[in-house]
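Chains, contacts and geometry: an overview
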Amino acid sequence: MSRLLGYKVRTMNLTTAAKKRLQHLLPQEAAGLSVTGYLGTCRGSTPIMNPAAGPAAGQETITCGEISFFVNPDIADEFRDCKMDYDPSLFGKGLTATWPHRAGCACNHA
């Protein structure tokens, strides 16, 4: 099923640092990561995810490279369109996701 989203859709982008971090966190017995939400806004969010054997009922599968994400439908549009990065520095943000601003976002972007 497809629908008009009203903005230019990019594909998910994992930086090399994010890819390495996710591969390190993903146990061999897991098929991917279940993404159930995020904390933050389009300017920078921390995804809420756990290793999973497969998608839960209703989750959409989004694959980027060798990594599969099983994403809740209410955040699939943002997640499909995100750039994920990893900053391991002492005061870094860790694993973060950003995406283009959309109407209704809590970032207060004008």
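For the structure given in this document, a descriptive report is provided here.

What counts and how
- Residues numbered from 1 in each chain as written.
- Predicted model: local features only at pLDDT ≥ 70, side-chain atom pairs only at ≥ 80, totals over all residues.
- Heavy atoms only, no water.
- Core = buried A, V, L, I, M, F, W, Y, C linked by side-chain atoms within 4.5 Å.
- Buried < 20%, exposed > 50% of the residue type's maximum accessible area, 1.4 Å probe, protein only.
- Helix = DSSP H or I, 4+ residues; strand = E, 2+ residues; numbered from the N terminus.
- Contact = heavy atoms within 4.5 Å.
- Salt bridge = Lys/Arg side-chain N within 4 Å of Asp/Glu carboxyl O.
- Disulfide = S-S within 2.5 Å.
- Phe/Tyr/Trp six-rings, centres within 6.5 Å; stacked < 30°, edge-to-face > 60°.

Looking at the nonpolar core
Residues Met12, Leu14, Leu22, Phe69, Phe79 and Met84 are the most contacted members of the largest nonpolar core, which totals 24 residues. Looking at this core, the elements with two or more residues in it are helix H1 (16-25), strand S2 (32-41), strand S4 (60-64), strand S5 (67-71), helix H2 (76-80) and strand S7 (94-98). Those residues within four positions of Leu14 in sequence are excluded, and the remaining contacts are Leu22, Cys64, Ile67, Phe69 and Met84.

Some details on the environment of Leu26
Here Leu26 shows up in the loop between H1 and S2. Separated by 25 residues in sequence, Leu26 and Pro51 place their C-alpha atoms 6.1 Å apart. With residues up to four places along the chain from it excluded, the contact list for Leu26 reads Gly32, Leu33 and Pro51.

Quick word on the pattern of salt bridges
Going through the model one piece at a time under the given rule, you end up with 3 salt bridges. In this structure, Asp77 engages Arg80 in a salt bridge whose closest nitrogen and oxygen atoms are separated by 2.9 Å. With a gap of 3 residues between them, Asp77 and Arg80 both fall in helix H2, about one helical turn apart. With a relative accessible area of 25%, Arg80 lands in the partly exposed category. Within the structure, one salt-bridge network assembled from shared partners comprises Glu60, Asp77 and Arg80.

What to know about the state of the cysteines
Counted according to the given criterion, the structure contains 0 disulfides. With no disulfide of its own, Cys64 lies closest to Cys82 among cysteine sulfurs, the gap being 8.2 Å.

Some thoughts on the packing of aromatic side chains
As enumerated under the stated definition, the model contains 2 aromatic pairs in all. Judged by centre distance (4.9 Å) and plane angle (70 degrees), the rings of Tyr38 and Trp99 are edge-to-face. With a gap of 61 residues between them, Tyr38 in strand S2 and Trp99 in the segment after S7 connect regions that are remote in the sequence. Accessibility expressed as a relative area gives 29% for Tyr38, which makes it partly exposed. Relative to Phe79, the ring of Phe69 has its centre 5.1 Å away and its plane inclined at 65 degrees; by these criteria the two rings are edge-to-face. Placement of Phe69 in strand S5 and of Phe79 in helix H2 is noted, with a sequence separation of 10 residues between them. Taking relative accessible area as the criterion, Phe69 reaches 0% and is therefore assigned buried.

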